Each structure stands twice: as C-alpha cells, then as structure tokens.
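# A closer look at the structure
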Amino acid sequence: MFCALMAQLMSPLPGMDSPAPLDLAPIAKGKFVGNLESLRQNHYPDWFTHGKLGIWAHWGPQSVPMEGDWYARNLYNEGSNQYIDHLKRFGPPSEKGYKDIIPLWHAEKWNPDRLMRLYKKAGARYFVSMGVHHDNFDLWNSTYHRWNATKMGPKRDVVGTWQAAAKKQGLHFGVSEHLGASFNWFQMSRGADKKGAFAGVPYDGNDPAYQDLYHWAAKPGDTGWYSNDPYWHAEWYRRIKDLVDQYHPDLLYSDGGIPFDHVGESLVAHLYNTSMANHQGKQEAVYTCKQPSEGRWAQDVERGVMASIQTYPWQTDTSIGDWFYNKHWTYRGADWVIRTLVDVVSKNGNLLINVVQKPDGSLDPQAEKILADMAAWIKINGESVYNTTPWIKFGEGQIRAKGGAFKEDFGFTAHDVRYAQKGEGVVYATLMGRPSFPSITFSAFAKSASNQGKVRQVSVLGVPGNVGFTQTPSGLQVTLPDQLPASIAVVLKIQGDHIRSFTPSEPVVAAPKIVANSKGNFDISADLAELHGEGLNTETRDLQTNLGFWDSATDFATWNVDFLRVGSYKIIATVATENPATFLAVEVAGQRVVSPVPTTGGWGNFQAISLGVIKVAKPGLQVIKVVPAQPDTWKPINLRNLRLLLMAKG
C-alpha cells in the first residue's frame, strides 16, 4: 500500500520550476507499518528512560551572523532586526541572501572530541546533532541534496563527526530534523522589499538557480507549518530516510507534530524497524515530536514542561540561550538547567539542553562554566536523576510549574520539592535551592492509618551519615545538617518500607481566581487555564499564548471564575484551526452549551466566534470547563481565550 502511494508522489529536481516524478524506496521490513495504530507497538528503550539528560548541538550556518534563531528566514523580513543587520553587513537580500551566508561557516575551531568529553562530564547520557534546520541545509553527506556541509561551508560531515565523538564517550546519538516545516518557512525568500532603494526588486529566493535551496513557490492557501504539497512530502521523506539509513541514530527528533500523516508515520516505522534489525530484534531507537504520543513515540515540549506525571516518557527541549548563537543574549546558569532537569525527571521526562556554539564551533567561557557547574552537581547528586521513575506525586511547594510549551522560568526556591523513586525503597526529595532554614516537612510522607509506609532513614547526598527525622500525621519532619553541599539544589535520600503506599495529596497551588472587569465582563486567557490530560498544552503564537496540541478528545481545560454579578453571559471564544468544523462545549453553573467551530484556514489565523449564552443564577466561584463536545468527531483546535460578556443582570 505504501509503495503504491509513494510511487504517485513527485519531488523537485535542482533548478526546475515544476516537480519531476520520483519513486521512493519502501520502508524496512518489520512489525511496524506506516499508520498510527502500528506505532502503538513502540518500546521505550532503557537508555532513554534511564538516561534523563541529553545535550544538543543546535548549530549550523545560521550561527554565522551571531544574531540568533531563524536568521535564514528573517533576513528576508523587511524591517526586522536580522534584516537590518544583514543589510548593513552583507547587502540587500535581492543580491546577497542566505546562499551567501553558507560559505562563511567554516567551523575552524570545532573540536568535537573535547566538547563531547565536557558534555559527558556534565551529565549527558545522549547527544543530539542538528541534522537539518528550516534553512534546508543538510549537515551530513546528503545523497539527494547538494546544499550540504560536506560540499559547502566547513566541508565536513558534521553529523558523522559528532556521531563518532559521541561513540568514543559511550553516549547514545541522535539527530534533529526541522526540514518538514522548511517549505513554507522559506517562502519569505521569494518576496521583495516594499519600500526603499530596493523596493520591488525580487529577493534571491526567486532565482531559479537556487530553487533547490529556497524551494519552489507554494500554491495559494498553502501557509501552514507543514506544507500540503505532496511533492514536498516526498522530498522530505527521501532525505530524512537517507539520514536514518546512513547513521542509524538512536533518536530522531522532528520540529513539529509527526509530518505529513501517512508519509511521516511510515518514516517512523522505518526508523523503528531498522533499529530492531540492527539490535537483534530489540527496538533501541526513539522518535520524538511535538504531538501527544499515546505511547507511539516520546512527546517533545519546546521550552516548557508538563504539569504532572505523564504515563509515557517525554522530553523537553530547551537552550541555555537562543537556539542559534546570539551575541545579544545572556545565558541562563547551571542552577536553572539543574532545576529544570529535576522538575522534568519528577514527571517522567527527559531534558534535552542546547549548549550554544559560536560559529567557529567553540564555546563561550560562560557556557563552559555552566557545564562545569553541572558536572559538580551531577557528581554528588546524579544518583537522584539517573535510573529513576516518578513517585506517587511529582512534588510539593508553592511553584506548580504549569505545563506547556514556552513556559520554563518558574523561580523555584528551596521550599519547592521534587520527588523521584529508585527501586522499591528509595525516594529522592530535591529541594530546588539551597535552604536557609534548619528543618523541613514533607507532607507527602504524612503518617496515617490508611497506608503502611514507614521511613527508616534519611540522608543528604554529599553529607556523611544520616539526619534526624520524625514521621507524623502532618508529614516527614527532617532536621537539616548545619553543613550542606555548596549546591544549587539539595537532595535528600529517603529510605523505607512500602514507599509507594503513602496517600498523595492534591497540589498545594490551585488555579488562579478570575474576576470581572469594571463592566462586569471576563477576559479569560489561556495562561490562566488548568489543563487536564496528557496532550493539551499552552504554546506561543504571535507573542500570545493559546491552548494547543489538543489531539485527544479526553483532554479539557478549566478556569476558576468568581461571578460577583448574576445574569446572562455571552461566551466568545478566539480560536484557530485548519480542520473542518468540529464542536466545542462549555460547561458552567450546571449548564452546557455546544457550538460548532468552523475552520479558520490556519493554526495561526485566530477568529472570535460566539459559543452561546449561559445564565448564572447565584454569585460566587464557578468552574468553567471547555471540552470537546463530540469525542468521536473531534478535530484539534487552538484556543487563545474566552470572553464572557454580561448581557443582562439578574
């Protein structure tokens, strides 16, 4: 079936204005086939679930200007900072475009063996190389694409060289592909300035000689993150399959949901089948993308965390700075990295952290200091991270760390605790800072008649001997030693019997209370939602937060709204979706209104729609619930906000 489908797909050849026929190779034989149901057979390998920490080299030609992420696109965005920088240093993009940046990337100080030693010492158990970013430049010896690092720029096989260095250190090796979104992402290169001396002069992306870098023109209406052009789907498939077949990575990352439906599902099946063939029938490869997995892969959350313990292993990807080198940015410290790692691990996740490289391949002294500080903490406390599983609850304290993409700065203190379990009798309680107080109480270990859990001893990692404790109905009261490790997070090792029989309490921080404005109306943002389910999360579009990744009809969102005025309220929702009409329900005060959500033509095309009217008969706090109305026909939407407009009092 797959072969017949792919034989009909087409793909462009360099310099051509229209696609030419291309037959694509079938996937490797094995138990996985190209559909979502087959991918449920996925197995999460121990190296991933036990390893917890990976380091990423988000590095390539876009590092050259030292102006940060998305430079290849934004140099064509008239008026943007990167456009202005490019114009001053290189000239107008109608004459000097991204094609002229690529030869300037030499990587002359790149020492992958030295860097890999630093990464391993800092605690990495796996390493991920950039394979190809949205800039459509392959960092390997690409079979199908002349714009690659072995022929241009450093003229080295970047992926292969990283892989060899990782293997020397015993690290598992992965690659990231951002190619799926490249087609529409790069369409901006086909424009022209709208004003100034070069107004109307086509950018170099219009030159047929470079069409294989900048892509052919998208069809009208093709504006989504992933193109709907089947020729591009075929191009993506053959190049990423080439990457997998040459390097057999332990991990493959896609920057978005799984690309192109059946085409992408087939590529993942190919990854899994080849992994099994290369490991005596055992799947050792991990696929990760920004889509709820339901066990089919490891869901990735960009620059964010999950709100609670997840059933399936997952990963957050983030960076100590910008994604590509940015001379204007200040790095986050090792304290932020370690606390993020601990929070993620407590919820069954992994941390993939980008260590920003300069264009020449070296690291700033600040980046090396971060790695050294990480290494010092890991040396003392690594046992609380590796080979652990979530406990009965992820933590306690004032900072909830609500889940969602692009939410990662939480201001943890030593009063915030994160838990992880090892074996049958050990729980690690990590204080997310260095405490200044003499004792602490862990309420999760409260003594009661309903459990048989008993704590036998408590110690602090890095401090000899045990510490005093008392197990009471209010919790486990622990006396901290006078001398603590000079650490950014202090770890207590709690050992006992029946360690999972304690009764977990609810999180201490409730969702915020929303109050009306002076006119009696409510503005209810996605930021204030309490999220329920493993897929639904927040993301940022156009500098505003919305609820997205709403693939599962069992996921829903709630808000706590304080109605001081009784009366009728009209419900307005701001939504975006590429899908045909689906139905959304709003439940509040014992009422349920259901309304269709029409397609808006794109995930970023937000429109305000009326969902109906509800009547609030009694003042006070009410929970508003937004939920898929018809689970069997649910199609994902993005929800930016709700507005409740007071129509009539009483």
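For the structure, see preceding data.
What this report covers is the structure whose coordinates are included nearby.

Quick notes on the rules
- Residues numbered from 1 in each chain as written.
- Predicted model: local features only at pLDDT ≥ 70, side-chain atom pairs only at ≥ 80, totals over all residues.
- Heavy atoms only, no water.
- Helix = DSSP H or I, 4+ residues; strand = E, 2+ residues; numbered from the N terminus.
- Rg over C-alpha atoms; globule rule 2.2 N^0.38 Å.
- Contact = heavy atoms within 4.5 Å.
- Pairing = 2+ DSSP bridges.
- Axes fitted to C-alpha atoms, helices over the stretch in contact; angles between N-to-C directions.
- Parallel < 35°, antiparallel > 145°, perpendicular 65-115°, else oblique.
- Left-handed = near helix turned anticlockwise from the far one by under 90°.
- Salt bridge = Lys/Arg side-chain N within 4 Å of Asp/Glu carboxyl O.
- Buried < 20%, exposed > 50% of the residue type's maximum accessible area, 1.4 Å probe, protein only.

## Overview of the overall build of the protein
- Across its full length, the protein holds 13 helices and 31 strands.
- In terms of overall dimensions, the protein is globule-like: its C-alpha atoms have a radius of gyration of 26 Å, near the 26 Å expected for 650 residues.
- Dimensions along the principal axes, computed over C-alpha positions, put the protein at roughly 75 × 70 × 50 Å.
- For the protein, long-range pairs separated by at least 24 residues make up 73% of all intrachain contacts whose partners lie at least 6 apart in sequence.

## Regarding the environment of Lys625
- Positionally, Lys625 belongs in strand E30 (residues 620–628).
- Expressed as a C-alpha distance, the spacing of Lys625 and Ala557, which sit 68 residues apart in the sequence, is 5.8 Å.
- Residues within four places of Lys625 in sequence aside, it is in contact with Phe556, Ala557, Thr558, Ala585, Val586 and Glu587.

## Brief notes about the sheet that holds strand E18 (residues 475–479)
- Across the sheet, which stays open at both edges, the three strands sit in the order E14-E18-E17 with antiparallel pairing between neighbours. The open sheet is flanked by strand E14 (439–442) and strand E17 (469–472), the only strands paired with a single partner. Geometrically, the sheet is characterised by an average inter-axis angle of 15° between neighbouring strands, direction not taken into account.
- In the sheet, E14 pairs with E18 via four bridges, with the strands oriented antiparallel.

## Looking at the sheet that holds strand E12 (residues 417–422)
- If you trace the six strands from one edge of the open sheet to the other, you get E11-E12-E13-E19-E15-E16, paired in antiparallel fashion. The open sheet has two edge strands, strand E11 (395–396) and strand E16 (466–467), and neither has a second partner.
- Sheet analysis places E11 next to E12, joined by two bridges and oriented antiparallel. Residue pairing across strands places Glu396 opposite Val417, the latter belonging to E12.

## Concerning the packing of helix H6 (residues 112–121) against helix H7 (residues 158–168)
- One way to put it is that H6 packs onto H7 with a least axis distance of 9 Å and a crossing angle of 45°. Between H6 and H7, the angle falls in the class oblique. Handedness of the crossing formed by H6 with H7: right-handed. Contacts from Pro112, Asp113, Leu115, Met116 and Tyr119 in H6 reach Thr161, Trp162, Ala165, Ala166 and Lys168 in H7.

## Overview of the pattern of salt bridges
- Inspection of the entire model under this criterion finds 28 salt bridges.
- The salt bridge involving Glu235 is made with Arg239; its shortest N-O contact spans 3.2 Å. Placement of the pair is Glu235 and Arg239 together in helix H10 (residues 230–247), with a separation of four residues, close to one helical turn.
- Judged by its relative accessible area of 0%, Arg239 is buried.
- For Asp335, the salt bridge is made with Arg339, and the minimal N-O distance between the two is 4.0 Å. Pair noted here: Asp335 and Arg339 are both in helix H12 (residues 334–346), with a separation of four residues, about one helical turn.
- For Asp335, a relative accessible area of 31% corresponds to the partly exposed category.
- Through salt bridges with shared partners, one network takes in Glu37, Arg40, Glu294 and Arg296.

Keep in mind these numbers describe shape, not what the thing actually does.
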